[in-house]
Every structure is written in structure tokens, then in C-alpha cells.
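Structural features, examined
Given next are the chains, with one letter for each unit.
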Amino acid sequence: MTEPNYWLMKSEPDAYSIDTLKKDGVTLWDGIRNYQARNFMRRMSLGDKVFFYHSNCKPPGIVGFMEVIDLNIIDPTQFQKESKYYDPKSSQEEPRWDCVKVKYLFKANKFLSLTELKILFNEEELLLVKKGNRLSIIPIKKEIAKLILEKIK
DNA sequence: GCCAACGTTGGC
DNA sequence: GCCAACGTTGGC
């Protein structure tokens, strides 16, 4: 049994929140339309652990913990014309977007705000989580992941 | 391939 | 609402 990798995935709570995931139990992390974020999902392994981050809300921060339970799933929303994630450049023969399935593990006992994350994160992680690009999935170093886990348990 | 214009993310 | 930091698009 190899040690899992750790990731952080952002979602706006209005779109999909930790409480919705808790209710659903599992969910497909679809709708990712950024190549770098998609490529991070392709690097995931079964059993990898993921911090659930609420973005674009007050205050932003880590609200829960999940596990990757399925890999390389074609994102169905790219073919759905009525979906806001519809991609006309994608086809059934050559789909562009895929995703992973995640399972709810637990809701953070203590909310970990972005303000607090700034103390833990290195500059690269901070840049990725904080600002300016469409990157909603980032890798988290093991040592830092363990510190975060201690704080949200 | 360059780059200006435009769109999006997301903290503040 | 503002705006920095990206990513994407399209003319050339």
C-alpha cells in the first residue's frame, strides 16, 4: 500500500458544497475546463486524498476531506448542449475532458480559512490556490497536507 | 508565432 | 464592484 498523494479541489459552495457532497456520498468532479487542472486529475491515483475548498465565498477555505475512488471518467457534461460546461469542440470520438469520482470522508471539524492556509503554504501553492487563473485543482505537498489534516480533524 | 483584446477566476 | 493574474481567441 503506497502512501496517497494529496490534492486540493475548489468549488463554489453555491454550485456544489461540502454539505451537498455529504448528502450525496460520492460525486463526479465534472465541469473542469482547464487543461492544467484536467492534467492534475489524470495524475491522480485510487486512494488519493483531497481537500475540499470553498471558493468565491466569505470566507474562502478548506471545509472537508474526500478520497478519489474512480479514475479517467469521460466528463458527460461536455456533450450536453444545455449544460454550461458544453464544449462544441469536443466529440464522442475525441472527448477533451475527463474527470475523477470522489467519495465524502469527513467535514472539517474546524474550518481552515485561506488566511490560515497562507501561513502553511509555500509560495507556489499559494499562487495556485489564491489568484487569477482557472486552476481549481492543485497538488499539496505531503508534509503540508498532514499539517492541514491536524488542523481540520 | 506574435500579441492585443477579451473573458474568467476569485480574493478583497 | 474592483482588479490582478491568468487563459483563450483571432487577426496578421
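Above this text sits the structure in question.
Residues numbered from 1 in each chain as written. Chains lettered and ligands numbered in written order. Predicted model: local features only at pLDDT ≥ 70, side-chain atom pairs only at ≥ 80, totals over all residues. Heavy atoms only, no water.

Applying the stated criterion across every chain, the model contains 6 aromatic pairs. Residues Tyr-6 and Phe-51 carry aromatic rings whose centres are separated by 6.3 Å and whose planes lie at 20 degrees to one another, so their mutual orientation is stacked. Highlighted residues: Tyr-6 in strand S1 (residues 6-11) and Phe-51 in strand S3 (residues 49-54), separated in sequence by 45 residues. Relative accessible area serves as the criterion here: at 0%, Phe-51 is assigned to the buried category. (Phe/Tyr/Trp six-rings, centres within 6.5 Å; stacked < 30°, edge-to-face > 60°. Helix = DSSP H or I, 4+ residues; strand = E, 2+ residues; numbered from the N terminus. Buried < 20%, exposed > 50% of the residue type's maximum accessible area, 1.4 Å probe, protein only.)

Before going further, it helps to examine the sheet that holds S1. The 6 strands lie next to each other as S2-S5-S4-S3-S1-S6, forming an open sheet whose pairing is mixed. Of all the strands in the sheet, the pair left with one neighbour each is strand S2 (26-28) and strand S6 (137-140). Across the sheet, the axes of successive neighbouring strands diverge by a mean angle of 35 degrees, strand direction being ignored. Inspection of the sheet shows strand S4 (residues 61-74) paired to strand S5 (residues 98-113) by 10 bridges, in the antiparallel sense. Residue pairing across strands places Gly-61 opposite Ser-113, the latter belonging to S5. Packed on one face of the sheet, helix H5 (residues 142-152) meets S1, S3, S4, S5 and S6 and runs near 55 degrees to S5. (Pairing = 2+ DSSP bridges. Axes fitted to C-alpha atoms, helices over the stretch in contact; angles between N-to-C directions. Contact = heavy atoms within 4.5 Å.)

Turning next to the pattern of salt bridges. Applying the stated criterion across every chain yields a total of 6 salt bridges. A salt bridge links Glu-3 to Lys-146; its shortest N-O distance comes to 3.0 Å. A residue pair is termed long-range when its members are at least 10 positions apart, and Glu-3 in the segment before S1 and Lys-146 in helix H5 qualify at 143 residues. The salt bridge involving Lys-107 is made with Asp-19; its shortest N-O contact spans 2.7 Å. Residue Lys-107 is found in strand S5, and its partner Asp-19 is found in helix H1 (residues 18-24); the two are separated by 88 residues along the sequence. On the accessibility criterion, Asp-19 (42% relative accessible area) is partly exposed. (Salt bridge = Lys/Arg side-chain N within 4 Å of Asp/Glu carboxyl O.)

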